Amino acid sequence: MLYEILGSFCVVVDGERALLESRKLEILLAVLLIRADHVVNFGSLVTELWDAEPPSRAAAGIHVNISRLRKFLKQRRPAGGQIITRSPGYMLQLGPDEVDARCFEKMVNVGREQLRRQEYVAASAELRSALDLWHGSSPFGGLQGGPILAGYSRRMEESRLECLEMMIEAELALGRHRELVSELYALTTEHPFQETFYRQLMLALYRSDRQADALSTFHSARQVINANLGLEPCQALRDLHHAILMEDRRLDPLSDPAGLAVAGCSATR
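Predicted, not measured: the structure shown is a model, and the values here were computed from it.

1. Focus: the nonpolar core
Of all hydrophobic cores here, the largest spans 84 residues; its most connected members are Tyr3, Ile5, Leu29, Leu33, Ile62, Leu92 and Phe140. Setting aside chain neighbours within four positions, we find Ile5 in contact with Leu33, Val99, Asp100, Ala101, Ser138, Pro139, Phe140 and Tyr152.

2. Structural notes on the packing of helix H8 (residues 195–207) against helix H9 (residues 211–229)
Taken N-terminus to C-terminus, the directions of H8 and H9 make an angle of 165 degrees; their axes are 7 Å apart at the nearest point. Classified by the angle between their axes, H8 and H9 sit roughly antiparallel to one another. For the crossing formed where H8 meets H9, the hand is left-handed. Mapping the contact onto sequence places Glu195, Tyr198, Leu201, Met202, Leu205 and Tyr206 in H8 and Gln211, Asp213, Ala214, Thr217, Phe218, Ala221, Val224 and Ile225 in H9.

3. Considering unusual backbone geometry
Glycine aside, residues mostly have negative phi angles, and peptide bonds mostly take the trans form. Between Ser87 and the following residue, Pro88, the backbone shows a cis peptide bond with an omega angle of 10 degrees. Among the structural elements, Pro88 can be located in the loop between strand S5 (82–86) and strand S6 (89–93). Although it is not a glycine, Asp14 sits at a positive phi angle of roughly 55 degrees. Here Asp14 shows up in the loop between strand S2 (10–13) and strand S3 (16–18).

4. As for the packing of aromatic side chains
In this structure the tally under the stated criterion is three aromatic pairs. Here Phe104 and Trp134 contribute two aromatic rings whose centre-to-centre distance is 5.7 Å and whose plane-to-plane angle is 85 degrees, an arrangement assigned as edge-to-face. Of the two residues, Phe104 is situated in helix H4 (residues 100–116) and Trp134 in the loop between helix H5 (120–132) and helix H6 (147–173); the sequence distance between them amounts to 30 residues. Assessed through its relative accessible area of 0%, Phe104 is described here as buried. Between Phe140 and Tyr152, the ring centres sit 6.1 Å apart and the planes meet at 50 degrees, which makes this aromatic pair tilted. Of this pair, Phe140 sits in the loop between H5 and H6 while Tyr152 sits in helix H6, and the two are twelve residues apart along the sequence. Assigned by exposure class, Phe140 and Tyr152 land together as buried. Among the aromatic residues, those joined into a ring-pair cluster are Phe9, Phe140 and Tyr152. Over the aromatic face of Trp134 sits the side chain of Arg160, whose NZ or CZ is 5.5 Å from the ring centroid.

Thresholds, definitions, all that
- Residues numbered from 1 in each chain as written.
- Predicted model: local features only at pLDDT ≥ 70, side-chain atom pairs only at ≥ 80, totals over all residues.
- Heavy atoms only, no water.
- Core = buried A, V, L, I, M, F, W, Y, C linked by side-chain atoms within 4.5 Å.
- Buried < 20%, exposed > 50% of the residue type's maximum accessible area, 1.4 Å probe, protein only.
- Contact = heavy atoms within 4.5 Å.
- Axes fitted to C-alpha atoms, helices over the stretch in contact; angles between N-to-C directions.
- Helix = DSSP H or I, 4+ residues; strand = E, 2+ residues; numbered from the N terminus.
- Parallel < 35°, antiparallel > 145°, perpendicular 65-115°, else oblique.
- Left-handed = near helix turned anticlockwise from the far one by under 90°.
- Phe/Tyr/Trp six-rings, centres within 6.5 Å; stacked < 30°, edge-to-face > 60°.
- Lys NZ or Arg CZ within 6 Å of the ring centre and 35° of its normal.

This is the structure in structure tokens:
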């Protein structure tokens, strides 16, 4: 059994996808998956389902929904993981089952290490494969719950952005700047405060003999960041802007595949 949570939320058995029948079941399974192989206490489950206003029969509601969830899982894979009752709550034992998010995190770690060793071809392939595991932009299909679900979703979204940044870094080092321009334009629109994407777009444009567009991108980034956050662009962006104005030879991919070897940065600092 495979639990797909990177985007739409479903359970996959032998290639067949099954959706849970209610929001409460989705939240329960999501929280148990996030804390898989660890006990989730009863109070946390109540908070995830009802926040600060649980009904008078919250305990009965939890028991009924756990029973329904057990039935759902057992019908699809009797020998798979199971939900067990363990004080002070419940625990999902994964057993032989898999979660796509765990596969994603392992691949990101491999890709990060390959990038650090400047193994750009391998890093690009590994990180692209990791991103292919996503079938939506938000974990659990944007399911809204309590602090456990919200915190995990935020962490996975940040991990996805980091993976994107590292993958593009590897591909810039491989000289694929022209191929990346349209993707980076889309990313700067989708993530207007993610300054790393502006830096990568500026570098890709400059290496594509589009110096004016690279400088225009800096001014657009500066306007967005200043107008919305009251900040100036980060040092990495300012350094790259200056290097482009000076036509710094270190921007040549043969001289420095990473482009001045500047680190990524974010406006939400």
